[in-house]
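Topology and contacts: notes
So you can see what is in the structure, the chains are spelled out below.
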Amino acid sequence: MTPQKEMDTAQVLDAFGELIAALASLAAQVPATSFSAIPGGIRPAEEAIEKYETVVYRFRDQAGPPYRVLYAFYVDSLEAFEAGRIFDAVPPLLQVIERLVDLHKEEKVCFNSTEQNRIREFQQRLEKILPEASKPEVDLPTPETY
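Residues numbered from 1 in each chain as written. Predicted model: local features only at pLDDT ≥ 70, side-chain atom pairs only at ≥ 80, totals over all residues. Heavy atoms only, no water.

Digging into the environment of alanine 27
Convention followed: Every helix listed is a DSSP run of H or I at least four residues long, and every strand listed is a run of E at least two residues long, numbered separately from the N terminus. Every residue pair with non-hydrogen atoms within 4.5 Å of one another is taken to be in contact.
Tracing the backbone through its elements, the reader meets alanine 27 in helix α1 (residues 9-27). Residues alanine 27 and leucine 130, 103 residues apart in the sequence, show an inter-C-alpha distance of 8.9 Å. With residues near it in sequence (within four places) discarded, alanine 27 still touches Ile86 and Ile129.

So this is what it looks like as structure tokens:
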């Protein structure tokens, strides 16, 4: 069995994007008038859960040392996703964004301008999932600062 190659920054962001896409797909099923948690949640299809799990566990197995700190956030999001708690699955992913920015500031990883724009797009997509969020939970610095 050959060891798997560690993920580069683009692959880390691709995996993150997959999780956001799955979450956004589930969030699209929430009625527009729903501003609070839905009792019992909206359970995703088994295939969606398996896909989410696959991304999380692939990340665990292939992420390099600087990215390992993100795994706990992914697991928290996965647990909420599995239970159909859409709004509870978003904050851990917003924390991932904060941590990615911190890793870049600490110069443990380096995101080019395209990757920085992807991170901003991910933040915007996550904020759109939370209907009650009128102010961003994560206030990212301008791209020039990281």
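Now that the structure is up, let's keep going.
Topic: helix α3 (residues 71-83)
So the rule is basically this: Multiply 1.5 Å by the residue count of a helix minus one, and that product is the helix's expected span. Only protein chains enter the area calculation, which uses a 1.4 Å probe; residues under 20% of their type maximum are buried, those over 50% are exposed, and those in between are partly exposed. Here, the arc refers to the directions that run from the helix axis to the C-beta atoms.
For α3, spanning 13 residues, the distance from its first C-alpha to its last is 19 Å, which sits close to the expected 18 Å at 1.5 Å a residue. Listing the buried residues of α3 in full gives Tyr74, Ser77, Leu78, Ala80 and Phe81. Buried residues of α3, seen end-on, are gathered within an arc of 170° and therefore sit on one face of the element. Check the buried side of α3 and you find it contacts α1, α2 (46-62) and α4 (86-105). One or two positions beyond α3, positive phi appears at glycine 84, with a value near 80°.

Side note on α4
Taking 1.5 Å per residue as the helical rise, α4 with its 20 residues ought to reach 28 Å, and the 30 Å between its terminal C-alpha atoms agrees with that figure. Most of α4 sits inside the fold, with 14 of its 20 residues counted as buried. With its phi angle positive at about 60°, glutamate 107 sits one or two positions after the end of α4.

A closer look at the pattern of salt bridges
Condition: Each salt bridge in this description consists of a side-chain nitrogen of Lys or Arg and a carboxyl oxygen of Asp or Glu lying within 4 Å of one another.
Per the counting criterion, the structure on display carries 7 salt bridges. Between arginine 118 and aspartate 14 there is a salt bridge, and its shortest N-O distance comes to 2.9 Å. A residue pair is termed long-range when its members are at least 10 positions apart, and arginine 118 in helix α5 (residues 113-129) and aspartate 14 in helix α1 qualify at 104 residues. For arginine 99, the salt bridge identified is with glutamate 106, shortest N-O distance 3.5 Å.

Quick notes on the packing of α1 against α4
Using the following cut-off: Where helices are involved, their axes are fitted lines through C-alpha atoms of the stretch in contact, as for all axes, and angles between N-to-C directions lie from 0 to 180°. These descriptions rest on fixed angle ranges, namely under 35 degrees for roughly parallel, over 145 for roughly antiparallel, 65 to 115 for roughly perpendicular, and the rest for oblique. Each crossing gets its hand from how the near helix is turned against the far one by less than a right angle, where anticlockwise is left-handed and clockwise is right-handed.
Running from N to C, α1 and α4 point in directions that differ by 155°, and their axes come no closer than 11 Å. Between α1 and α4, the interaxial angle falls into the category roughly antiparallel. For α1 against α4, the interelement crossing comes out left-handed. Contacts between α1 and α4 involve Leu13, Phe16, Leu19, Ile20, Leu23, Leu26 and Ala27 from the first element and Ile86, Ala89, Val90, Leu93, Val96, Ile97 and Leu100 from the second.

Quick notes on the nonpolar core
This is how the line gets drawn: Among the buried residues, those of types Ala, Val, Leu, Ile, Met, Phe, Trp, Tyr and Cys that are joined through side-chain atoms within 4.5 Å form a nonpolar core.
Phe16, Leu23, Tyr67, Tyr74, Leu93 and Leu126 are the most contacted members of the largest nonpolar core, which totals 41 residues. Among the secondary structure elements, those contributing two or more residues to this core are α1, α2, α3, α4 and α5.

Focus: unusual backbone geometry
In the Ramachandran plot, glutamate 107 falls in the positive-phi region, its phi being about 60° despite a non-glycine side chain. Locating glutamate 107 in the fold gives a position in the loop between α4 and α5. A relative accessible area of 70% means that glutamate 107 is categorised as exposed.

Points about the environment of glutamate 115
What counts here: For this analysis, a polar contact is any N or O atom pair within 3.5 Å, provided that within protein one partner can donate a hydrogen and the other can accept it, and provided that sequence-adjacent residues contribute only side-chain to side-chain pairs.
Tracing the sequence through the fold places glutamate 115 in helix α5. On the basis of relative accessibility, which here comes to 9%, the residue glutamate 115 falls in the buried class. With 106 residues separating them in the primary sequence, glutamate 115 and threonine 9 have C-alpha atoms 8.0 Å apart. Dropping the residues within four chain positions of it, glutamate 115 is found in contact with Thr9, Ala10, Leu13 and Cys110. Reaching out from glutamate 115, the side chain makes a polar contact with the side chain of threonine 9 at a distance of 2.7 Å.

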